[in-house]
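# Coordinates in review
The primary structure of each chain is shown beneath.
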Amino acid sequence: MPENSWTENNHSSELDPLSSLLSEWSEDDFESDFFFQGLEGRRRKAALALTLIWGGTITLHLLSWGYWLVFGLTAILGIQAIRVLVARPIRVPKLLQGENPADFPYVSLLVAAKNEEAVIQNLVRMLCNLDYPKERCELWVINDHSTDKTPILLDQLAAEYDQLNVFHRDANATGGKSGALNQVLPLIKGDVIGVFDADAHVTQDLLRRVLPIFNQSRVGAVQVRKAIANARLNFWTKGQMAEMALDSYFQNQRTAIGGIGELRGNGQFVRRAALERCGGWNEQTITDDLDLTIRLHLDRWDIRFLEFPAVDEEGVISALSLWHQRSRWAEGGYQRYLDYWRLIASNRLGLSKTIDLFSFLIIQYLLPTAAIPDCLMALLRSRLPLYSPITGLALTLSFIAMFTGLRRIQRDQPLTIGTLFLNVLQTVRGLLYMMHWMLVMSATTARMSVRPKRLKWVKTVHQGTGKESFEF
């Protein structure tokens, strides 16, 4: 076995994902109360939330002033939407320069890999050839009991690259991706930790672009924009391209107004001190990035966003794969509100972040969940759906955001009538594609209320984009 290859050991991280967040609470029953229990409490909290959303929607339909309440809420959300739209994105620091390796932060790059023989060689070669002092950067690939050629390929690569360290987990290892990342956390040396998926494609100057943002002391993490490498393949991948542009726009604008920046798993960088204060990666969640997002903000760290360069990844290519992936994202995103609702409601985030969080919670999670009872009551009473004003606001905001996001990421294209028309078509197609979120969120919240979730690593199968090369 190569010298820089590690096997499974009995080490388990002593970091508690909630310890630092609960340290300021003195209530003896806080941790034991079912409203703050992990898997067991989530189903009951989800059932209660669903009952309140459905019951509240039906009640508002029956009240004479229900529409006025919705109009008032729409006005408040509209003010927040205007703030988002007119905000000026935060300026990105200059490229990190220097010749002395001692002037560069030490960086640890992590990849959790399970059956990734199609793409893992390309990623390793790419990350080991970044424009960054090799003595200030290490790469750790955690092989999570792969059953294909991934372990063999990694051991061969470890003999080729001194920067590469391979950690092999056995079949009994738990915690999914979070567990894999936590196991190597005590072994790595980096002050900043970068996390990538196995299908990532990065530019050579990525680290020099990201690391200057960490010069601001309150920045706990940076998320790099994600782009779809196979965007031209079909309707689903083209829709994901527009979705990433939408996400990029909102990330830029929300952080500009002091709102919530979010991690997206692939291409995320975390300050090690911030990660350890928050207890490492939470092994009791199915979306480690979204869970870490909320814990970093609760611990009063900021998350920034880097639009250029992007990290390319493969988009899922079928409706069924999209459904499974988005269902997992929806559940993980919803879980964090169920897990940390007391800390959020206590305004621990601060006023600006709390307002921003609740605005997007209503549009992204509560509105789709309430769609079924709203439409049923509207049919029974022969009137427009109660939440039509909020839906109209959400669609208008999404159209502007997606169009502007597409223009930003396609900044190299000349501004002509043709390109503007193309962007409009891409936006309309993207909004049609995004309608799947209504179905996904409705189904997910209902299922979470009646059936407990079995935690397991559900990964997206990567086939490679057909452009595999580590040359820059």
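To be clear, the structure that these remarks concern was listed above.
Described below are features of the structure shown in this document. These figures come from a predicted structure and were not determined experimentally.

### Things to note about the packing of helix α8 (residues 235-256) against helix α14 (residues 417-434)
Where α8 meets α14, the closest approach of the two axes is 8 Å, and the angle between their N-to-C directions is 100°. Between α8 and α14, the angle is such that the two are roughly perpendicular. Residues F235, W236, K238, G239, Q240, M241, A242, E243 and L246 of α8 form the contact with α14, whose own contacting residues are Q426, R429, G430, Y433 and M434. Taken together, the residues that form the contact of α8 with α14 break down as 7 nonpolar, 4 polar and 3 charged.

### Remarks on the pairing of strand β5 (residues 192-196)
In terms of residue burial, β5 counts as a mostly covered element, since 5 of its 5 residues are buried. Relative to β5, strand β2 (residues 107-113) runs parallel, the two sharing 5 bridges. Within β5, the position partnered with V107 by the bridge is V192. As judged from the 4 bridges shared by β5 and strand β7 (residues 268-271), these two strands associate in the antiparallel manner. Bridged to I193 within β7 is V270.

### Quick notes on the pairing of β2
By the criterion of burial, β2 is predominantly enclosed, with 7 of the 7 residues buried. Residues V107, L109, V111 and A113 of β2 are buried on one face, and the alternating residues S108, L110 and A112, pointing to the opposite face, are buried as well. Pairing analysis gives 7 bridges linking β2 to strand β3 (residues 137-144), with the strands arranged parallel. Along β3, the bridge assignment pairs L109 with L139.

### Overview of the packing of aromatic side chains
For the structure shown, the criterion picks out 11 aromatic pairs. Aromatic side chains F235 and W236 sit 5.1 Å apart centroid to centroid with 75° between the ring planes, which places their arrangement in the edge-to-face category. Look at F235 and you get partly exposed, because its relative accessible area is 34%. Look at W236 and you get partly exposed, because its relative accessible area is 26%. With a centroid separation of 6.3 Å and an interplanar angle of 15°, the aromatic rings of Y334 and Y365 are classed as stacked. Of the two residues, Y334 sits in helix α11 (residues 319-345) while Y365 sits in helix α12 (residues 351-381), which places them 31 residues apart along the sequence. Among the aromatic residues, those joined into a ring-pair cluster are Y334, Y337, Y365 and W437. Sitting over the face of the ring of W301, R218 holds its NZ or CZ atom 4.5 Å from the ring centroid. Positioned above the aromatic ring of F308 is the side chain of R225, whose terminal nitrogen or guanidinium carbon lies 4.9 Å from the ring centre.

### Brief notes about the environment of L48
Take L48: it is sitting in helix α2 (residues 39-62). Residue L48 is classed as partly exposed on the basis of its relative accessible area of 37%. The spacing of L48 and S449 is 401 residues in sequence and 7.9 Å in space, taken between C-alpha atoms.

### Structural notes on helix α15 (residues 436-450)
Spanning 15 residues, α15 covers 22 Å between terminal C-alpha atoms, matching the ideal 21 Å at 1.5 Å per step. Buried within α15 are the following residues: H436, W437, V440, M441, S442, T444, T445, R447, M448 and S449.

### Section: the environment of L153
Relative to the assigned elements, L153 resides in helix α5 (residues 150-160). If sequence neighbours within four positions are ignored, L153 has contacts with E117, I120 and Q121.

### Let's talk about the pattern of salt bridges
Under the defined criterion, the tally for this structure stands at 18 salt bridges. Between R125 and E160 there is a salt bridge, and its shortest N-O distance comes to 2.9 Å. Linking R125 in helix α4 (residues 120-127) with E160 in helix α5, this pair joins segments that are 35 residues apart in sequence. Linking R264 and E262 is a salt bridge whose minimum nitrogen-to-oxygen distance equals 2.8 Å.

Thresholds, definitions, all that
- Residues numbered from 1 in each chain as written.
- Predicted model: local features only at pLDDT ≥ 70, side-chain atom pairs only at ≥ 80, totals over all residues.
- Heavy atoms only, no water.
- Axes fitted to C-alpha atoms, helices over the stretch in contact; angles between N-to-C directions.
- Helix = DSSP H or I, 4+ residues; strand = E, 2+ residues; numbered from the N terminus.
- Parallel < 35°, antiparallel > 145°, perpendicular 65-115°, else oblique.
- Contact = heavy atoms within 4.5 Å.
- Nonpolar A, V, L, I, M, F, W, Y, C, P; charged D, E, K, R; others polar.
- Buried < 20%, exposed > 50% of the residue type's maximum accessible area, 1.4 Å probe, protein only.
- Pairing = 2+ DSSP bridges.
- Phe/Tyr/Trp six-rings, centres within 6.5 Å; stacked < 30°, edge-to-face > 60°.
- Lys NZ or Arg CZ within 6 Å of the ring centre and 35° of its normal.
- Expected span 1.5 Å × (residues − 1).
- Salt bridge = Lys/Arg side-chain N within 4 Å of Asp/Glu carboxyl O.

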